[in-house]
Amino acid sequence: KLNDQELRNAILVAFAVWVRNMSVKYEHLFERILKDNKRRAYDKYVLQLTTFSAFGFQQEITNSVLNAAYEDDSSVSRQTKKFEEVMEVMSKMIKKHANKEFKRNFATSLYILLDHMRKENIAIVDTEMFYKWFIASENRRLGNSKPIMRTPGGEFRTYDSSCKTC
């Protein structure tokens, strides 16, 4: 039985081809953070990040939202250039500075930050210093046991436990 991403990839739209192409283009990066590409995991990650570029924190990224991205001229499919701009910066930064401890939640947080900086026209003057600051900040947040949010079910979550879903 096909999973949700495999079903989305079967839809004959230009966006599906673009997602697969980005998955191949950034495979060197995704291998580091997703470990393997079982059942189109890289494609789904491309889709999730592109969906974030379209909606930010205004839209929960659910399967129905991901499915809608494959409709002709969807809000998500119009974000391809933005995704590529952010991924070029991120890819170079990770390739040059990341060590083996670099994880998916780091990549997702870095993408979110770089996407925000792109939207606000904030330039990075020194990528090495920026990267060191980012990793130190992420590690501080991950090590903090203070709850940062409460789920609709009433469960308190730390930054670390919130990132487990990234």
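Note that the coordinates shown come from a computational prediction; the quantities given were computed from them, not determined experimentally.

What counts and how
Residues numbered from 1 in each chain as written. Predicted model: local features only at pLDDT ≥ 70, side-chain atom pairs only at ≥ 80, totals over all residues. Heavy atoms only, no water. Core = buried A, V, L, I, M, F, W, Y, C linked by side-chain atoms within 4.5 Å. Buried < 20%, exposed > 50% of the residue type's maximum accessible area, 1.4 Å probe, protein only. Helix = DSSP H or I, 4+ residues; strand = E, 2+ residues; numbered from the N terminus. Salt bridge = Lys/Arg side-chain N within 4 Å of Asp/Glu carboxyl O. Axes fitted to C-alpha atoms, helices over the stretch in contact; angles between N-to-C directions. Parallel < 35°, antiparallel > 145°, perpendicular 65-115°, else oblique. Left-handed = near helix turned anticlockwise from the far one by under 90°. Contact = heavy atoms within 4.5 Å. Nonpolar A, V, L, I, M, F, W, Y, C, P; charged D, E, K, R; others polar. Phe/Tyr/Trp six-rings, centres within 6.5 Å; stacked < 30°, edge-to-face > 60°.

Q: Please clarify how the nonpolar core should be interpreted in this entry.
A: One finds F15, F30, F83, M87, M90, F102 and L110 to be the most contacted residues of the largest nonpolar core, which totals 41 residues. Among the elements of the structure, α2 (14-25), α3 (27-34), α4 (41-55), α6 (80-97), α7 (104-119) and α8 (127-143) are those that each provide at least two residues to this core.

Q: Just to check I follow, could you spell out the pattern of salt bridges for this structure?
A: Side chains carrying opposite charge are able to pair once their charged atoms draw close together. Taken as a whole, this structure holds eight salt bridges when the rule is applied. Between R40 and D43 there is a salt bridge, with its nearest N and O atoms 2.9 Å apart. Relative accessible area serves as the criterion here: at 0%, D43 is assigned to the buried category. For D73, the salt bridge is made with R78, and the minimal N-O distance between the two is 3.6 Å. In this structure D73 comes out as exposed when scored by relative accessible area, which is 58%.

Q: What am I meant to see in the packing of α6 against α7 here?
A: Relative orientation and spacing of two packed helices are given, respectively, by the angle between their axes and the distance between those axes. The contact between α6 and α7 brings their axes to 10 Å, and the two run at 125 degrees. The angle between α6 and α7 places the two elements in the oblique class. Like other packed secondary-structure pairs, α6 and α7 cross with a definite hand, here right-handed. Across the interface between the two elements, K82, F83, E85, V86, M87, V89, M90, M93 and I94 of α6 pack against A107, L110, Y111, L114, D115 and R118 of α7. Residue classes in the contact of α6 with α7 are distributed as 11 nonpolar, no polar and four charged.

Q: It is not clear to me how the packing of aromatic side chains should be interpreted in this structure. Could you clarify?
A: The geometry of two aromatic rings is summed up by the distance between their centres and the angle between their planes. All told, the structure shown has 10 aromatic pairs when counted by the stated rule. Ring geometry for F52 versus F57: centroids 5.0 Å apart, planes at 75 degrees, classification edge-to-face. Residue classification places F52 among the buried positions, given a relative accessible area of 10%. A relative accessible area of 69% places F57 in the exposed class. Ring plane angle 45 degrees and centroid distance 5.7 Å describe the contact between F130 and W133, whose orientation is recorded as tilted. Of the two residues, F130 and W133 both sit in helix α8, three residues apart, roughly one turn of that helix. A relative accessible area of 12% means that F130 is categorised as buried. Owing to a relative accessible area of 46%, W133 belongs among the partly exposed residues under this scheme.

Q: Looking at this model, I keep getting lost on the packing of α2 against α4. Mind explaining?
A: Across the interface, α2 lies against α4 with an axial gap of 8 Å and an inter-helix angle of 110 degrees. Classified by the interaxial angle, the pair formed by α2 and α4 is roughly perpendicular. The chirality of how α2 crosses α4 is right-handed. Contacts between α2 and α4 involve F15, W18, V19, R20, M22 and S23 on the former and, on the latter, Y42, D43, V46, L47 and T50. Residues of the contact of α2 with α4, tallied by class, amount to seven nonpolar, two polar and two charged.

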